[in-house]
Amino acid sequence: MDSRERVGLAIRHCETDRIPTGEIFIADETVAAFLGVQRVDFDERVQFVERLGIDAVCVSPQWRDQSSHLPGPGDTQWKDLDQWARETDRFVFAMVDGVFGWGARLMGFEAFLQASTKGSEELLGLIHGVERLNINLAKETADRGAHGIVIAEDIAYKGGTIVSPDTLRDLFFPSLSRQVEGIRHLKIPVFFHSDGNLNPVMDDLVAIGFDGIQCLEPQAGMDLARLKAAYGRRVCLWGNLDPRELFLKRTPGEIQEAVSHIIEAGAPHGGFIFGTCSGIVAGMRPENLALAYRVVGEWGSSSRS
């Protein structure tokens, strides 16, 4: 079973030969430290994911136009997307930003929050613009070989949602529903990513129709066992490893305990992808990474029973 098949089966809640893994971001600095090299190009990135056994990778757009307006699909480049899709067996997600990311970038965070409380015409225009942009980007990346889409929309922090759940339901979630519907026509899965405490709106996110939820930050109250019991047969859960386990000095026993706890909570009945909440970022300890992923690789098959 190759990586692409393994992740696809997990998304469909089917049994796999081992626990599938994935990361939304992999820093070149960490790749260089792990491999002991000075320069990191595509070949080194592939070597890194193969050494760790990472099945799913994410590719984010690089925008040619950095001005103050929402760009079009033609203004973007997708670094390594074609190579990941053509030259490897990894499951490739294209990651696109949601309205919160674009709103903070184009309007400023405080102005965006104020507009959210008023439902201003500027904000409504931005919501519809991001919606059209993301559906077009999904089509472009699927045509180029992407196997799934992640909509990155950081709507929460540790204490709850950044704006009220009612504001999310009134202003933002209808657009997410239309995005999911538009992308579903491409016959590829759609995941939602956000840091923070999503518990107040988990019912809403599942009802929107996402195939999966990525991050599941334990320090923000996203308890994997509870989420699995409540939603695990309806969405694929991806993430949950606290990045502190990879930054701080840990004994092998501590790493094994942390990883085993996540797998025991998430793996039963399929529909689970192991990974960090944050992606693999600069400063993580190579020895912690190697051990965490070795524990996952040695765990054995996921189970539907």
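Refer to the preceding data block for the structure.
Residues numbered from 1 in each chain as written. Predicted model: local features only at pLDDT ≥ 70, side-chain atom pairs only at ≥ 80, totals over all residues. Heavy atoms only, no water.

Novice: Any chance you could break down the side chain of Thr30 for me, citing the residues and the numbers?
Specialist: Inspection of the secondary structure puts Thr30 in helix H2 (residues 28-35). Residue class for Thr30 comes out buried when judged on its relative accessible area of 2%. If sequence neighbours within four positions are ignored, Thr30 has contacts with Phe48, Ile280, Val281, Ala282, Gly283, Met284 and Leu289. (Helix = DSSP H or I, 4+ residues; strand = E, 2+ residues; numbered from the N terminus. Buried < 20%, exposed > 50% of the residue type's maximum accessible area, 1.4 Å probe, protein only. Contact = heavy atoms within 4.5 Å.)

Novice: Before we move on, could you go through helix H13 (residues 286-299) and cite the residues and values that matter?
Specialist: The end-to-end C-alpha distance of H13 is 20 Å, a good match for the 20 Å that 14 residues give at a rise of 1.5 Å each. All buried positions along H13 are accounted for by Asn288, Leu289, Leu291, Ala292, Tyr293, Val295 and Val296. Considering only its buried residues, H13 is in contact with strand S1 (22-23), H2, helix H3 (42-52), helix H11 (244-247), helix H12 (252-266) and strand S12 (272-276). (Expected span 1.5 Å × (residues − 1).)

Novice: Describe the packing of H2 against H3, with residues and values.
Specialist: It is at 10 Å that the axes of H2 and H3 come closest, and there the two elements cross at 70°. Compared by their axis directions, H2 and H3 come out roughly perpendicular. Crossing of H2 over H3 shows left-handed handedness. For the pair formed by H2 and H3, the contact residues are Asp28, Thr30, Val31, Phe34 and Leu35 on the first element and Glu44, Arg45, Gln47, Phe48, Arg51 and Leu52 on the second. (Axes fitted to C-alpha atoms, helices over the stretch in contact; angles between N-to-C directions. Parallel < 35°, antiparallel > 145°, perpendicular 65-115°, else oblique. Left-handed = near helix turned anticlockwise from the far one by under 90°.)

Novice: Report on the nonpolar core, specifying residues and quantitative values.
Specialist: Residues Phe172, Leu205 and Phe210 are the most contacted members of the largest nonpolar core, which totals 84 residues. Non-local contacts of Leu205, meaning those with residues more than four positions away in its chain, are made with Phe173, Phe192, Leu198, Phe210 and Ile213. Residues Ala10, Ala56, Met95 and Cys236 belong to the second largest nonpolar core, which totals 15 residues. (Core = buried A, V, L, I, M, F, W, Y, C linked by side-chain atoms within 4.5 Å.)

Novice: So what about helix H8 (residues 165-184)? Which residues, and what values?
Specialist: With 20 residues, H8 should reach 28 Å at 1.5 Å per residue; the first-to-last C-alpha distance of 25 Å falls well below that figure. Along H8, the largest kink reaches about 50° and is centred on Phe172; proline Pro174 follows within four residues of it. Those residues of H8 that fall on the buried side of the exposure criterion are Thr167, Leu168, Leu171, Phe172, Phe173, Ser175, Leu176, Gln179, Val180, Gly182 and Ile183. (Bend = angle between axes of the 7 residues up to and from the residue.)

Novice: How would you sum up the packing of aromatic side chains? Please name residues and give values.
Specialist: One pass over the full model with this rule turns up 12 aromatic pairs. Taking the centre distance of 4.9 Å and the plane angle of 45° together, the rings of Phe91 and Phe93 count as tilted. For the pair formed by Phe91 and Phe93, the shared burial category is buried. Arranged with centres 5.7 Å apart and planes meeting at 85°, the rings of Phe274 and Tyr293 form a pair that is edge-to-face. In this pair, Phe274 is assigned in strand S12 and Tyr293 in helix H13, connecting sequence segments 19 residues apart. You can call Phe274 buried: its relative accessible area is 0%. With relative accessibility at 3%, the residue Tyr293 sits in the buried group. Each residue in the set Phe91, Phe93, Phe191 and Trp238 is aromatic and connected to the rest through ring pairs, giving one cluster. (Phe/Tyr/Trp six-rings, centres within 6.5 Å; stacked < 30°, edge-to-face > 60°.)

Novice: Requested: an account of the sheet that holds strand S10 (residues 212-215), with residues and values cited.
Specialist: With parallel pairing, eight strands are arranged side by side in an open sheet as S1-S2-S5-S6-S9-S10-S11-S12. Where the open sheet ends on each side, the last strands, each with one partner, are S1 and S12. With four bridges joining them, strand S2 (residues 56-59) and strand S5 (residues 91-97) adopt parallel strand pairing. Across the sheet, residue Val59 finds its bridge partner in S5, namely Ala94. Seen against the sheet, H8 touches strand S6 (148-152) and strand S9 (190-193) and runs at an angle of roughly 170° to S6. (Pairing = 2+ DSSP bridges.)

Novice: Describe the environment of Ile213, and please don't skip the residues or the numbers.
Specialist: Inspection of the secondary structure assignment puts Ile213 in strand S10. Sequence separation between Ile213 and Trp238 is 25 residues; the distance between their C-alpha atoms is 6.1 Å. Here Ile213 is in contact with Phe191, Phe192, Leu198, Met202, Leu205, Val235, Cys236, Leu237 and Trp238, once residues within four sequence places are set aside.

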